[in-house]
Every structure is written in structure tokens, then in C-alpha cells.
Amino acid sequence: MMLAGVQIVEDQSVTYKADGERDTPGGERSSPSVPSTTTQSSKPPTPSQLQNRGLSRIPDKDPVDIQFSNITCTVSLGINKGSKQILHGVNGRLRPKQLIAIMGPSGAGKSTLLDVLSGYRISGVGGAIYINGRGRIMKRFKKISCYIQQDDRLQGLLTVSENMALAADLKLPTTLDKYEKGEVIEDILSNLGLYEHGNTRGAQLSGGQRKRLSIALELINNPLVMFLDEPTTGLDSSSCSQVVQLCQSLAHQGRTIVCTVHQPSASLFALFDHVYVLAAGNCLYQGTTRNLVSYLDEAGIPCPIYHNPADYVIEVASGEYGDDKIEILTTKIDNGKAHNWFDDPDSIPTMETLRKLYPLSGMKELDAGPGTEETSQANQRSVLIKRGFLKAKRDATLTHLRVMVNVVVGIMLGTLFINAGNEGSRVLDNYNLLFAILMHHMMSPMMLTILTFPSEMSILLKEHFNRWYSLGSYYISVTVVDLPISIFSCAIFSVIVYTMSSQPLDLARFAMFFTISIYTVLVAQSFGLMVGAVFNVVNGTFLGPTLSVPMMMFAGFGVTLRDLPPYLYWGSYVSYLRYGLEGYIAAIYGLDRPTLACEGDIYCHYKHPKVFLKDIAMNPDMFWWDVFALTVTLFSLRTAAFLLLKWKLRAVR
Ligand SMILES: Nc1ncnc2c1ncn2[C@@H]1O[C@H](COP(=O)(O)OP(=O)(O)OP(=O)(O)O)[C@@H](O)[C@H]1O
């Protein structure tokens, strides 16, 4: 069988032809200038090779046939800017045991179609998707499918083996013991050529290895349908063919594998069984890879000899040969309704036949189980906590730098305000120190969260969509993992600054001081989480500090609470910094602190703490009220951050 300039021979290997006519068996010659590219590495595996290479866990469930009809996708362009339709009622059929490429020029809607088919995109989507003849039920479909997005969202701090082991703990039934899970992991890693890289961290893998690890992670629960967005982007030709050959062997084992590809080389193109070509949201062709050239011929847009048909069809789709050609092809394929270019189109079962072939009773097992995820919430939490601590141990920013910053800032503030805590003439200095401590506890955890959470967010989106865990389990684990690190860094900072600045050496006062410090850290972090969950790094970095300014204004530091205009007094109730500052004052100057010592004979206005407290209009007896207000703020912000995360997980789709 010939594609233009590319021959697909019996064993599906690819050779270029120097010249000559199409479909003339035996008439092919190799050109010295265009050498034969049939090499072992580009050769797709033969059936026996496949048996050796494929995963030993061949899917034991029914293969999946996907049909979609009249799919539209419309996105809003913003307030008063109208909307844009990306997909214009496309139709198609994705047959099982096939590797299917969705192709088209940039902006044609490939990723959008994949998002819709995988169920990732839900807003603005119209049309119908049928799975084995029945309307797609998302909960059921998610159990048999996975979506691997273009950017590899991997845990860079964990090694390949750790990534796999933790994924196995989340995705395989808890009834399997570690040896059984280990066998699954070994099988996948060996087949994907990653076994030797088991001890390499995710961040240190090459592009091709990262892509293979992304696939390996999703293969753990043996999905029947895999959607891959641009799995070859950014890879060299050898890595590209490795990844596509891998997809091909997985497909031929009984899975339905759909990939978007940009502009595959002829040899890569030949590895796909089926192609679905899009142009500006319309279908130009669907059928076997081999039939593409004949299709173009028949449509009167023949592919020139020596031209890679994949390149040619993309040139046509991008309108290089005129928009009328796009229209001709869209009409010819009936926007994806026609199946004439499939192999043996008459044997393609109808929806009714499929329903009979795969009766509803077969879904019983699939529908069993209470949750969407594979394992219980308790198991998800414990695995995520384990993963969180492993990451925290190695995280240079969130853990090591954070502890270092607390030590360094503690020493700096301690040096700057040395002995200010017990000196009657330096009460105002000490007041400044307490405010500076409050600022430190507010800014560093908030900014750290705003800067680091958006990258976590993309992993959360992928893993949550692919049913690794629920948002609740994730959120609890994040909170649990962070708590000891926050307590540890806050404790170090507090001890350093408290002792260096000579605050009263009284355990009760230190405990009060530390309680307010840790509350401030946790509240600021929750605020950062809220901002980080909704905004990207750039907007978050701007909004976090900007939104914190009113909190500082209402803390009672620059303008005392007494001097706040009555119409702005409400601000002091919502500012957690007000409770923080009041709490610090209660810890240091409350509890009937005796008169302070004054150095020399100078006049010490504030050597009587009561005078100072009166001037700053703060009541030292409000400590427990402050703690209560901070507790309420903490729980409110944590709940708000959770709800915003939940909203975001849906809103991005
Ligand atoms: N949320 C959105 N808002 C506005 N336009 C969008 C949105 N999402 C996608 N588009 C537009 O829809 C078109 C199709 O996008 P899509 O990402 O599906 O294309 P693609 O074929 O995958 O392109 P590429 O190969 O470059 O990734 C593009 O013009 C894109 O700008």
C-alpha cells in the first residue's frame, strides 16, 4: 500500500520511494538522496514482538468503541466580548484496539476535541458521546479512561520508583500486597524502558522519559481508553517514535488510544492506525492512515509524490491551497459522519449492535463501589501524607529555605532590637519589633504559598481528574504535612527573637507569644492558599500583598484603634493582624507586668506598662478573645480556600 512517497509494507514498516507511481507493487526504488528509513528503531513491533514487549496485564474488560456526534464547543471571550465556537458540530468514531491521531494545524481545535472526548472540558460543550453504544456516563467512563495532558505534571522531587509506588498505592485496590503492586510496577517500568531509571528524580528525567513516566503512572490501573495531548511535542525523533510505538503496542493489546499530534514525520505518521483531521473546528478526514492518500486523490486534491501525506493534509487544512479545498473535504467526509475510509466500513457495528454486544449487566462491576476513586478516603489520606512528607524532606524552597529564612530573619530582628523587651526607655522600639514579627509571620508563609501552590495546582488537576484521590483527602494531607514544618520554623524564630530581644523570661508569656505567632502563620498561609488556588503566580504576587495592606491599616499600629473613624471601625474586626498585635501586647505587657527598668537617669515615659497600654488603646485582657477570633478566621479562611479550590477544579474545565 502506498501513501504519497511513503510505502507501508506488509509488516507496516515505512520506506520512502525515490520516484515513480503510486500503488505499483514491485515498482519501488530507493533513491540515493532519500535513503530508505526502514530501520529497526522506526519499525513498529510485529505481533510476536508485541507479545514480548507489551504489558503482561492485557485489559480484561470489553474493548471500548467511542462515537461522538455533533460536538460543539463554545468559549466565552469575556464580558461584553461575545463568544467563540471552537468545534462546529464534528462527528467521529474511535474504534477499539487502534492508535488514533487527531491532527490539524495549530488552533484547529485538537486539544479542545480531546478535552471534550476525555470529559475534561465540560463548559460550553454540546453534542453526544457514546461509549459502546450507550450515552457516556462520566463516572463510569472515568473508571476506564485516563487523560495525559501535554505538560508532564509529575512530582519532580520523587524518583521514578517512588512516583510509581505512590501512584500504585492510590490507584490499585488495597487488597493487593506490596509484592503484587511491585510486580505491576516492574512490568510497566520494564516495558516503558524506565526500569533502569528507577532512582532518578522526576525533575532530572529527559523529556521522553518524563512523557513515558506520565504514561506509566496512568497505566497502573490498566485503563482501556487513553487520551494523550501532544505526546510527541518537544521530543527528538527517536523519543517520538519510542513514545508512539509504545502507544501503538498498548492500543493493539486492546485499548483505545487517542493522541493529538502536530506534524508527524512520515514514519511516525505510519505508526498510527487511524487519523482524524481537523481544520478550524471541522473534520476533514477520518479513516485509516493508509486510506488518506486515496481519499485526497478522490477529492481532487491529490497529495504530490514525495510529499509526506501528514504534512500535505495539514497544509490543506491550514488553507494553503484555498478555503474551498477545506470545504470540499469537510463535505466529503460529512464533518466526520462518513466511515467509508475505515478498513471494512461495512463491518463497523451500529450502536444497537454494540449495546447487544456489551449488555448493561456487564456494567455492574464497573458501577460497584461507593466513590469515584479506586481506594478509600483513609488510604488516600495516608498515602498523600506519606508523599507530602517525602517531598517536604527534599523541598529546598518550602522546607529548607523556609527554616533558613526564619533563622536569619530571627537573628536580624533580634540583633536590631537587642534587649528592647525589658528596657523601659525602649518600649516603643519593642512595639515596633512586635509589629515587625507580625509582618514576618504574615508575609513569608503567604508569599511562599502564593508562589508555589499554582504549580501544585496543575498536578492536583491532573491527578484528581484521573481519580487518584478526592479533593478532601488532598486538602487534609496538605494541611497535616505543613503543620509540623510551620510549627518548627515558627518555634525556631520565636526562641531566637524572644531571647535576643530580652522579652520577659516567663513560660506563660512565651506560650502566649508563640500561640499568636503560629496562629498568624496559619492564617496567613490559608490566605495565601485562597489566593494561590484562584490566581496564577503573577496575579497572586500582586494581589496577596495588596489585599494585606488594609489588614495592616486596621491592626491598630499606625492609627490606634481608638482613633479609627467610627465608619471604618468594622475593618479592625476583620483584620487578623489586629488580633495578632493585641495578642502580642497581652503576652508581653499584660498579666500585670511590673514596672520596667530604665537605663540611666533619663525620663522613661512608658516604664509603667499600663501607661503604654492606655496610649496605644489596647486591652491586655483580651488575649483569649484574640485567640478565639484568630481560630474563627483560620477556620473560615481554610474553608473558603477549600471551596475556592473545589470551584477552581470545575471552573478550569
Ligand atoms: N478558553 C479559551 N478562550 C478563548 N479561545 C480559546 C480557548 N480555548 C481555546 N481557544 C481557541 O480555540 C482554538 C483551538 O484551540 P486548541 O488548543 O484546541 O487548538 P489546537 O489545535 O490544539 O492547537 P495547538 O496545536 O496549537 O495546541 C484556538 O484558536 C484557541 O485560541
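Conventions adopted
- Residues numbered from 1 in each chain as written.
- Predicted model: local features only at pLDDT ≥ 70, side-chain atom pairs only at ≥ 80, totals over all residues.
- Pairing = 2+ DSSP bridges.
- Helix = DSSP H or I, 4+ residues; strand = E, 2+ residues; numbered from the N terminus.
- Axes fitted to C-alpha atoms, helices over the stretch in contact; angles between N-to-C directions.
- Contact = placed C-beta atoms within 7 Å.
- Buried ≥ 20, exposed ≤ 12 C-beta atoms within 10 Å, placed from the backbone.
- Near = placed C-beta within 6 Å.
- Nonpolar A, V, L, I, M, F, W, Y, C, P; charged D, E, K, R; others polar.
- UniProt positions renumbered as here; feature names shortened; annotations may be inferred.
- Parallel < 35°, antiparallel > 145°, perpendicular 65-115°, else oblique.
- Left-handed = near helix turned anticlockwise from the far one by under 90°.

Chemist: I tried to follow the sheet that holds strand S6 (residues 99-103) on my own but got confused; where do I start?
Modeler: Backbone-to-backbone hydrogen bonds pair the strands of a sheet. The strands run either parallel or antiparallel. Here we have 6 strands laid out as an open sheet, ordered S9-S10-S11-S6-S12-S13, and mixed in their pairing. Edge strands, defined here as strands with exactly one partner in the open sheet, are strand S9 (145-148) and strand S13 (282-288). Strand-to-strand twist of the sheet, defined as the mean angle between neighbouring strand axes without regard to direction, takes the value 15°. As defined by bridge partners, strand S10 (residues 225-228) adjoins strand S11 (residues 256-261) across 4 bridges and the pair is classed as parallel. If you follow phenylalanine 227 over to S11, its bridge partner there is valine 258.

Chemist: Looking at this structure, how should I read the sheet that holds strand S8 (residues 134-135)?
Modeler: Strands sit in the order S5-S4-S7-S8 across an open sheet of 4 strands; the sheet is antiparallel. Taken across any chain shown, the strands that pair with only one partner, and hence form the sheet edges, are strand S5 (83-94) and S8. Seen against the sheet, helix H2 (residues 110-118) touches strand S4 (66-76), S5 and strand S7 (125-131) and runs at an angle of roughly 120° to S4.

Chemist: Would you mind going over the pairing of S13 with me for this structure?
Modeler: Side-chain direction in a regular strand flips from residue to residue, so the side chains alternate between the two faces of the sheet. Of all 7 residues in S13, 7 are buried, a share of seventy percent or more. Where strand S12 (residues 274-279) meets S13, 6 bridges bridge the pair, whose relative direction is antiparallel. Bridge pairing links leucine 278 to cysteine 283 in S13. Between S12 and S13, which pair antiparallel one after the other, the connecting turn spans 2 residues, and alanine 280 there sits at a positive phi close to 45°.

Chemist: Where do I start with the site of the ligand in this structure?
Modeler: If you check the shell around the ligand, you find 13 residues, and the closest are Ser106, Gly107, Lys110, Ser111 and Thr112. Those elements that place two or more of their residues in the shell around the ligand are S5 and H2. The element that contributes the greatest number of residues to the shell around the ligand is H2, accounting for 3 residues. Of the residues that constitute the shell around the ligand, the class distribution is 4 nonpolar, 7 polar and 2 charged.

Chemist: It is not clear to me how the UniProt feature "domain: ABC transporter" (unreviewed entry) in the chain should be interpreted in this structure. Could you clarify?
Modeler: According to UniProt, the "domain: ABC transporter" (unreviewed entry) feature falls on residues 66-305. Helix makes up 34% of residues 66-305 and strand 27%, whereas the separation of the span's terminal C-alpha atoms amounts to 34 Å.

Chemist: Just to check I follow, could you spell out the packing of helix H4 (residues 160-171) against helix H6 (residues 207-219) for this structure?
Modeler: The description of two helices packed together rests on the angle between their axes and the distance between the axes. Contact geometry of H4 with H6 gives a least axis separation of 9 Å together with a crossing angle of 25°. Judged by the angle between their axes, H4 and H6 are roughly parallel. Remark: the crossing between H4 and H6 carries right-handed chirality. Contact with H4, carried on its side by Val160, Asn163, Met164 and Ala167, involves Leu213, Ala216 and Leu217 of H6 and no other residues of that element. Residues of the contact of H4 with H6, tallied by class, amount to 6 nonpolar, 1 polar and no charged.

Chemist: For this particular structure, what's the right way to read the UniProt feature "transmembrane region" (unreviewed entry) in the chain?
Modeler: Those places that UniProt annotates as "transmembrane region" (unreviewed entry) correspond, in this numbering, to residues 403-421, 433-453, 474-498, 510-535, 542-561 and 622-645. For the annotated span residues 433-453, helix accounts for 100% and strand for 0% of the residues, and the straight-line distance between the end C-alpha atoms is 30 Å. Taken end to end, residues 622-645 has its terminal C-alpha atoms 34 Å apart, with 96% of it in helix and 0% in strand.

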